[in-house]
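Letter by letter, the chains look like this.
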Amino acid sequence: MKTITQLHKIREEKRKELDLRVNTKADTREKHILVCQGTGCTSSKSPEILETFKKILKEKGINNVRVIKTGCFGLCAKGPIVIIRPEDTFYASVTPEDCEEIIRNTYC
């Protein structure tokens, strides 16, 4: 990045991406699967859940969904936590084996 114009362009792109995470009525075709990577969720296999989501999406050729690792959602006792945006669907106590069903129910 060498100019203020380039900086403004990056800022605008990131605002759209972040808006999807907090605005359930965001006007976009892209979807996000947010996977908690806080300490409690990480110890309960959330990194494996993240990779399983990526693998299944690739196998199914679903290209408008991004899997994103997040910080703690504050519900460690219910982790691992997964949130689907923009639908605002909340999943608790997710296991890697749940990923296929979550994708099937959400995107297929």
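Residue positions are counted from 1 within each chain, in the order its sequence is given. Two thresholds apply to this predicted model, a pLDDT of at least 70 for residue-level local features and 80 or more for giving and counting side-chain atom pairs, whereas whole-chain, interface and lining totals are computed over all residues. Here the side-chain values reflect all heavy atoms present in the structure, with hydrogen atoms and water set aside.

Colleague: Before we move on, can you summarise the pattern of salt bridges with the specific residues and values?
Modeller: A carboxyl oxygen of Asp or Glu within 4 Å of a side-chain nitrogen of Lys or Arg is what we treat as a salt bridge. Scanning the entire structure with this criterion turns up five salt bridges. Lysine 54 is the partner of glutamate 51 in a salt bridge, and the nearest nitrogen-oxygen pair spans 3.9 Å. Within this pair, glutamate 51 and its partner lysine 54 are both found in helix α3 (residues 46-60), separated by three residues, close to a single helical turn. For glutamate 51, a relative accessible area of 45% puts it in the partly exposed group. Classification of residues uses two cut-offs on accessible area relative to the type maximum, computed with a 1.4 Å probe and protein chains only: under 20% is buried, over 50% is exposed, and between them is partly exposed. Classification of lysine 54 by relative accessible area gives partly exposed; the value is 38%. Strands here mean DSSP runs of E at least two residues long; helices mean DSSP runs of H or I at least four residues long; both are numbered from the N terminus.

Colleague: Mind laying out the pairing of strand β1 (residues 31-36), listing which residues take part and the relevant values?
Modeller: Here β1 lies mainly inside the structure; five of its six residues are buried. Sheet topology places β1 next to strand β3 (residues 82-85); four bridges connect them, and they run antiparallel. Bridging across to β3, leucine 34 finds its partner in isoleucine 83. Any two strands are treated as partners once DSSP identifies two or more bridges connecting them.

Colleague: Requested: an account of the pairing of β3, with residues and values cited.
Modeller: Burial of the side chains of β3 extends over both faces: Val82 and Ile84 are buried on one face and Ile83 and Arg85 on the other. Note that β3 and strand β4 (residues 89-91) share three bridges and pair antiparallel. Looking at β4, one finds that isoleucine 83 is bridged to phenylalanine 90. In this antiparallel pair of consecutive strands, β3 and β4, the connection spans three residues, and aspartate 88 shows a positive phi of 65 degrees.

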